[in-house]
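Coordinate inspection notes
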Amino acid sequence: MFYFRVVTKKTVPAIEGFFTMDPERPRLLGSRCKRCGNHAFPAEKVFCKNPSCDGDEFETVELSARGKLWSFSHNGYQPPPPYVSPTKEYEPFAIAAVELEAEKMVVLGMVPKPYDHTSLEVGMEMELVLDTLFETEEERVVVWKWRPAQAAV
Amino acid sequence: MSKEVAILGVGMHPWGKWGRNFVEYGVKAARDAIADAGISWKDVDFVAGGDTMRNGYPGYVAGSTFAEALGFNGTRVASCYGACATGAQAIDVARSRILAGLSDVALVVGADAAPKGFFAPQKGDRPQDPDWQRFRLVGMTNPNYFGLYARRRMALYGAKSEDFALVKVKNSRHGLHNPYARYRKEVTVEEIMASPLVADPLRLLDICATSDGGAALVLTSVEFAEKRGIKAPRIAAINAATPTFPNPILDMPYISTDSAAVAAPAARGFKPSIAYGAYEEAGIGPEDLDLAEVYDLSTALELDWYEQIGLCGEGEAEAFLRSGATTLGGKVPVNPSGGLACFGEAVPAQAIAQVCELAWQIRGQAEGRQVEGAKVGLAINQGLFGHGSAVIVKG
């Protein structure tokens, strides 16, 4: 007798607390200093980076999920560990640096397939998505990525 | 009291991939610098070592590692680390002791034995470390940061891949006769454009390699040099500085910039501030430079430096390069040594090597690459985690 089992991999974030896990409405999680209002990503927990502020209490805030492409690059060769390739044979991928208007900061992220560096142009509108970073036997490890915005807000 | 110190001796071990212990390179450079200064190791009363992160414990205590290799003789010691700016920190510590009257003769040494390929972070699972985060979450290598800046130049100023390639062509010619350079071969635009795309828009030959190498300086007070009747090149300024908040430029190894929402960025960005802090200390301006050694981790980055150190206006670097101004024989030759394009990077030695080149140029001993009448030179670089490094040498 044979038993068939549907293997559903558990979806886990590549790092705890950096982003929400809602695939429909992903958001980066930054911090806002309760004293001076400074935004930071990754979130500050202990001290405020503003030299004019000695704040040590922070609230978690969702960052803008859209922004303008500040610049971009790509990896023609596999980066060293702790990078993990999602495919057995390495496939080049693009990287985006996106400027968030409200927070006035630039945040990096990979660019998901099928986009590559030839799909990108400085100044274009980008949006946040969740995508697979790599998979293990039991887990699908996801991370935030930036892709060209699909439709007007 | 003079704020200047004398460069009495300089020495280097040729750059390459020699496969030996970094201590050998450092000791060779140190012995050459000591001989060049006309002193003996026993005259040295302070050793400043530039640390290397890739060679185990001896690399973290480079000052004492080199002192032990030369033979412990009770000198005071310091070991410094500031990524690519390591050498400038070590020079700065030595200068401070001399200017304070605490040391007469200081030896500064940096050396590295580098692995093949991309610089990688330390091993282990460290989600709190920005260096771990950028590789794991974004796949962001060092050349990717250079790629971002290069794409910015293309978008803002219309720079072309050919412009970047011309930097390499120039530097490959400059380094042809430098006995310490690793690559001594002319490279053509076609060869560069045909090399593999590593970090869009940069190709393999746009990006500097990682190298083994060693460099050393013997520093003394100006009076010490004069008493020996030597008119030595002098260090007129060192600016081993951190950025100011908020830094709006994405710098290695971070995955984001500061937010500029609660405070405005300084009028001068981090890289210009490294140069201008040094100019101010030396009481000169960019128009006074006869030459500059800038950190060409990539070809496009050299163009950024032209503007950041004030050799030309923003967006003008491509035209400035094409005018021949930064080529040997031009108005202000940049990287007459051949730069990182010909050396590859040996991290803790590189900022010291830049100063060796300035000293040779100012003494008129830069055979085959001499900048005629060189009197004032600037060496500049930036290391990851917010490390600036600028040294001004005067004749």
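Residues numbered from 1 in each chain as written. Chains lettered and ligands numbered in written order. Predicted model: local features only at pLDDT ≥ 70, side-chain atom pairs only at ≥ 80, totals over all residues.

With that settled, consider the overall build of chain A. Along its length, chain A carries zero helices and nine strands. Mapped in sequence order, the helices and strands of chain A form the string β-β-β-β-β-β-β-β-β. Summarising its shape, the C-alpha atoms of chain A cover approximately 70 × 40 × 35 Å along the three principal directions. Within chain A, contacts between residues at least 6 apart in sequence are counted, and of these 53% link residues at least 24 apart. (Helix = DSSP H or I, 4+ residues; strand = E, 2+ residues; numbered from the N terminus. Contact = placed C-beta atoms within 7 Å.)

What follows covers the domain arrangement of chain B. Residues and elements named next belong to chain B. Looking at the assigned domains, one finds that chain B contains domain 1 (5-117 + 212-235) and domain 2 (130-208 + 236-394). On a C-alpha basis, the centroid separation for the pair domain 1 and domain 2 is 23 Å. At the level of secondary structure, the elements contributing two or more residues to the side of domain 1 that touches domain 2 comprise strand S1 (5-16), helix H4 (86-99), strand S4 (105-112), strand S7 (212-221) and strand S8 (234-239). Per element, the largest residue contribution to the side of domain 1 that touches domain 2 is seven residues, and it comes from H4. (Domains from an automatic or database assignment.)

Moving on, we come to the sheet that holds strand S4 (residues 58-62) of chain A. All names here are of chain A. As summarised here, the arrangement of the three strands in space is S3-S2-S4, forming an open sheet in which the pairing is antiparallel. With partners counted over all chains shown, the strands left at the sheet margins are strand S3 (39-40) and S4, one partner each. Where strand S2 (residues 29-33) and S3 come together, two bridges link them in antiparallel fashion. The residue bridging Arg 32 from the neighbouring strand is His 39, located in S3. (Pairing = 2+ DSSP bridges.)

To continue, consider unusual backbone geometry. Residues and elements named next belong to chain B. Residue Pro 201 is bonded to the preceding Asp 200 through a cis peptide linkage, with omega at 5°. Here Pro 201 shows up in the loop between strand S5 (197-199) and strand S6 (202-203). Here Phe 245 and Pro 246 are connected by a cis peptide whose omega angle stands at -5°. Residue placement: Pro 246 occurs in the loop between S8 and helix H10 (270-282).

Okay, the interface of chain A and chain B next. Taken together, the 38 residues of chain A in the interface contact 34 residues of chain B. Taken together, the elements giving at least two residues each to the side of chain A that touches chain B come down to S3, strand S5 (66-75), strand S6 (93-100) and strand S7 (105-111) of chain A. Among the elements that line the side of chain A that touches chain B, the one with the most residues is S7(A), at six residues. Tallied by class, residues from the side of chain A that touches chain B come to 23 nonpolar, 12 polar and three charged. (Nonpolar A, V, L, I, M, F, W, Y, C, P; charged D, E, K, R; others polar.)

Let us now look at the nonpolar core. Membership of the largest hydrophobic core comes to 168 residues, with the highest contact counts inside it found for Ala96(A), Val108(B), Leu217(B), Leu219(B), Ile352(B) and Ile380(B). Here this core gets 11 residues from one element, more than from any other, and that element is helix H14 (residues 347-363) of chain B. With sequence-adjacent residues up to four places away left out, Ile380(B) is seen in contact with Ile274(B), Ala275(B), Ala292(B), Val294(B), Tyr295(B), Trp305(B), Ile309(B), Ser389(B) and Ala390(B). (Core = buried A, V, L, I, M, F, W, Y, C linked by C-beta atoms within 7 Å. Buried ≥ 20, exposed ≤ 12 C-beta atoms within 10 Å, placed from the backbone.)

Domain parsing of chain A yields domain 1 (1-16 + 64-153) and domain 2 (29-62). The C-alpha-based centres of domain 1 of chain A and domain 2 of chain A are spaced at 26 Å.

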